[in-house]
Amino acid sequence: MAFSQRYADYAVQFIQLLKHGDDFYGKPFLLLPWQKEAVSTFYGTLRDGTNLRQYQYLYLEIPKKNGKSELAAALGLFHTFADEAVYGEVYLVAADKSNAGIIFSAALSMLEQCPALEKRAILRESTREIVDRVSRTKMKVMSSEAYSKHGYKPTCVIFDELHAQPNRKLWDIMTFGAGSARKQPVWIVLTTAGDDPDRSSIGWEIHQKARSILNYRAGNTEGNYDNPVWLPYIYGLPDDPEEAAALDIFDEATWRRCNPSLGETIQLETLRQEAMDAKQSPAAERLFRWLRLNQWIAVKTVGWLPLPLFDSTAEEIPMEELAGKRCYMGMDLSSTTDLTALALVFPPQEGLSHWHTLFHAWIPEEGMKERIRRDHVPFDRWRQDGHLTATAGDCVDYDYIEGEITRQAARYRVQLLGTDQWNSRMLTQRLTQAGVVEVVEIPQTMAGMSEAMKTLERLLRRGEMTHENNPCARWCFGNVRCAVDGNENQKPVKHKSVERIDVAVAWINAVAAALLRGEETDLQSRILSEDWSL
């Protein structure tokens, strides 16, 4: 590889002729050291013996408020007005229309402060397009909500917040062969870390790719690899848990390591105030790690409970020790093609010192492969490992589930089955008429679910509830989103949850059934006599 200072300076000087369009409106866009290094290296490094850029992919992963969107807007304008392409196509890509417009708005603000470029520009704000009259290159906004599958010949694609993409479709469309008709297309990713507990998103996949390249170039070749057309930069806490744990997240040196724009686009006092909040609240600490230290976290930040709580309370109890024990069932029965779940909750009793939960989940076999491909959820591996059962056909097999409940009722002393009133009445009536189990409907409302959710949370946090280590249940647990009212009552809300939550709902229904049957007596006395503050 060769380096051309002229090519590097050309890109840097174009950007620095622009003016900021955000809180620094009207001030010259003087690149910060980390920005200048990235721009210079990306545009100045050439393939040996050519005048073509060596790198096609620029990956910048950095915490919020470090000037990422402004840099993206400036690079978008560079490829629209200053790159060599004629009839070029520059795309600003984000997860939804609102986010996709952030970079475009910044670019418009820069454009209106540069008369020379504004004269060359055709503005189509209704369709969020900017066209250069000279090269006929267009810059256009695109979101995952609206795109077609074919016909793109990009000269530049800028992905904003790749971690927020709902799936990999748009990434695949805009990268796989899309730039083959261009002499030197580029793909620029500017993103923060993601909130991805299952490590199944396209954002995590590309993060891992970038990390592997960085590790390889640092001399750690074991398990890593290089890609000569990629130039990655990652500012944030390490992925390795031991390395991350060795860093004090409240040390200002750690903040500077993760935030190269600290003192410029984000002030030190802001982080000090947020760090104080993080010391007092686990939720605030999660946000601080994610948004300020750029750590890929293993929780759903607007969800119900953190996944580390699920992980820390996993415990395998030999099945023979549970045989004949008193338990409560909870079921969440899907309507057609999704997960159906059953949870068995065993309260403390002779031979069992604490609460324990077993999970069962079913999915129709037909269509499972499509869901695996579409959602990148490993249902097939979970089935192979015994954590999920695939039933024959393309919809829920109620007969199979009835048989399984009957088998469980013969194995344990089931006191009550709590279930959602929707979809389940025919099945539960048959179970009741056959004398298999007594059934109670758990209203899927604040009144019906809040106390069970709070009880389950208290038991988990106190270490008085354990459960089998089931990845399907873990996935559902991490997907839960809650509605909360002014009195701190809560319930899970399926249409606000990012994916299936059926196993978690079955677990809550089982605890609700236990409370209805009187298991709350000892629990409430402990709550009244002990400090439950978290």
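Please read all numbers here as calculations on a predicted model, not as lab measurements. (Residues numbered from 1 in each chain as written. Predicted model: local features only at pLDDT ≥ 70, side-chain atom pairs only at ≥ 80, totals over all residues. Heavy atoms only, no water.)

Peer 1: I'm lost on the overall build of the protein chain in this one. Help?
Peer 2: Broken down by element type, the protein chain carries 21 helices and 19 strands. Seen through its C-alpha atoms, the protein chain measures out along the principal axes to roughly 80 × 50 × 50 Å. Counting only residues that meet the buried cut, the protein chain has 53% of its 534 residues in that class. Counting only contacts in the protein chain whose residues sit at least 6 apart along the sequence, the fraction spanning at least 24 positions is 70%. If you sum the accessible surface of the protein chain, you get close to 24,100 Å²; carbon and sulfur atoms cover 49% of it. On the protein chain, the mean spot of the 61 positive side-chain charges and the mean spot of the 73 negative ones are 7 Å from each other. (Helix = DSSP H or I, 4+ residues; strand = E, 2+ residues; numbered from the N terminus. Buried < 20%, exposed > 50% of the residue type's maximum accessible area, 1.4 Å probe, protein only. Contact = heavy atoms within 4.5 Å. Areas by Shrake-Rupley, 256 points an atom, 1.4 Å probe, with all protein chains shown as cover. Lys, Arg positive; Asp, Glu negative; His and termini not counted. Charge placed at Lys NZ, Arg CZ, Asp CG, Glu CD.)

Peer 1: How do you make sense of helix α4 (residues 97-112) when you look at a structure like this?
Peer 2: Since one α-helical turn is 3.6 residues long, residues separated by three or four positions face the same way. Over its 16 residues, α4 extends 22 Å from the first C-alpha to the last, a length consistent with the 22 Å expected when each residue adds 1.5 Å. If you check which residues of α4 are buried, you get Ala100, Gly101, Ile103, Phe104, Ala106, Ala107, Leu108, Ser109, Met110 and Leu111. (Expected span 1.5 Å × (residues − 1).)

Peer 1: I tried to follow the sheet that holds strand β5 (residues 121-124) on my own but got confused; where do I start?
Peer 2: Consider a sheet: its strands pair through backbone hydrogen bonds, and that pairing is either parallel or antiparallel. Strand order in the open sheet formed by 8 strands is β5-β6-β7-β4-β8-β9-β3-β10, with mixed pairing between adjacent strands. Both edges of this open sheet fall to β5 and β10 (230-234), since each of them pairs with a single strand only. Between one strand axis and the next, the sheet turns by 15° as a mean value, whatever way the strands run. Bridge analysis of strand β4 (residues 89-94) against strand β7 (residues 138-143) gives 6 bridges, and the strand direction is parallel. (Pairing = 2+ DSSP bridges. Axes fitted to C-alpha atoms, helices over the stretch in contact; angles between N-to-C directions.)

Peer 1: Please explain the packing of aromatic side chains as it appears in this structure.
Peer 2: The geometry of an aromatic ring pair is captured by the separation of the ring centres together with the interplanar angle, meaning the angle of the planes. All told, the structure shown has 23 aromatic pairs when counted by the stated rule. Between the aromatic rings of Trp304 and Phe477, the centroid separation amounts to 5.6 Å while the plane-to-plane angle is 45°, which identifies the pairing as tilted. Of the two residues, Trp304 is situated in the loop between α11 (282-292) and α12 (307-312) and Phe477 in helix α19 (residues 471-479); the sequence distance between them amounts to 173 residues. A residue is classified by how much of its surface remains accessible, and Phe477, at 1% relative accessible area, is buried. Pairing Phe346 with Tyr412 gives two aromatic rings, centres 5.1 Å apart and planes at 80°, and the pair type is edge-to-face. Placement of Phe346 in strand β12 (residues 340-346) and of Tyr412 in the loop between α16 (398-411) and β15 (413-419) is noted, with a sequence separation of 66 residues between them. Tyr412 matches Phe346 in its accessibility class, with the two residues each being buried. Between Lys279 and the ring centre of Phe250, over which it is positioned, the NZ or CZ distance is 5.2 Å. (Phe/Tyr/Trp six-rings, centres within 6.5 Å; stacked < 30°, edge-to-face > 60°. Lys NZ or Arg CZ within 6 Å of the ring centre and 35° of its normal.)

Peer 1: Help me understand the nonpolar core, please; the structure alone is not making it clear to me.
Peer 2: Proteins that are soluble and globular tend to have nonpolar side chains buried together. The biggest cluster of nonpolar side chains holds 51 residues, and the ones touching the most others in it are Phe14, Val39, Leu75, Leu77, Ile158 and Ile188. Sequence-distant contacts of Ile188, defined by excluding residues within four places in its chain, comprise Tyr43, Leu58, Leu75, His79, Cys156, Val157, Ile158 and Phe159. Counting residues in each nonpolar core, the second largest holds 49 residues, with Leu305, Ile442, Cys472 and Val480 among its members. (Core = buried A, V, L, I, M, F, W, Y, C linked by side-chain atoms within 4.5 Å.)

Peer 1: What should I look at first to understand the pairing of strand β11 (residues 326-332) in this one?
Peer 2: Side chains on a regular strand alternate between the two faces of the sheet. Counted residue by residue, β11 has 7 buried out of 7 residues, so it is predominantly covered. The side-chain alternation of β11 yields two buried faces, one formed by Arg326, Tyr328, Gly330 and Asp332 and the other by Cys327, Met329 and Met331. Bridging between β11 and β15 involves 6 bridges; their strand directions are parallel. Of the residues in β15, the one forming a bridge with Met331 is Thr419. Looking at chain direction, β11 and β12 are connected through 5 bridges and run antiparallel. Bridge assignment links Gly330 to a residue of β12, and that residue is Ala343.

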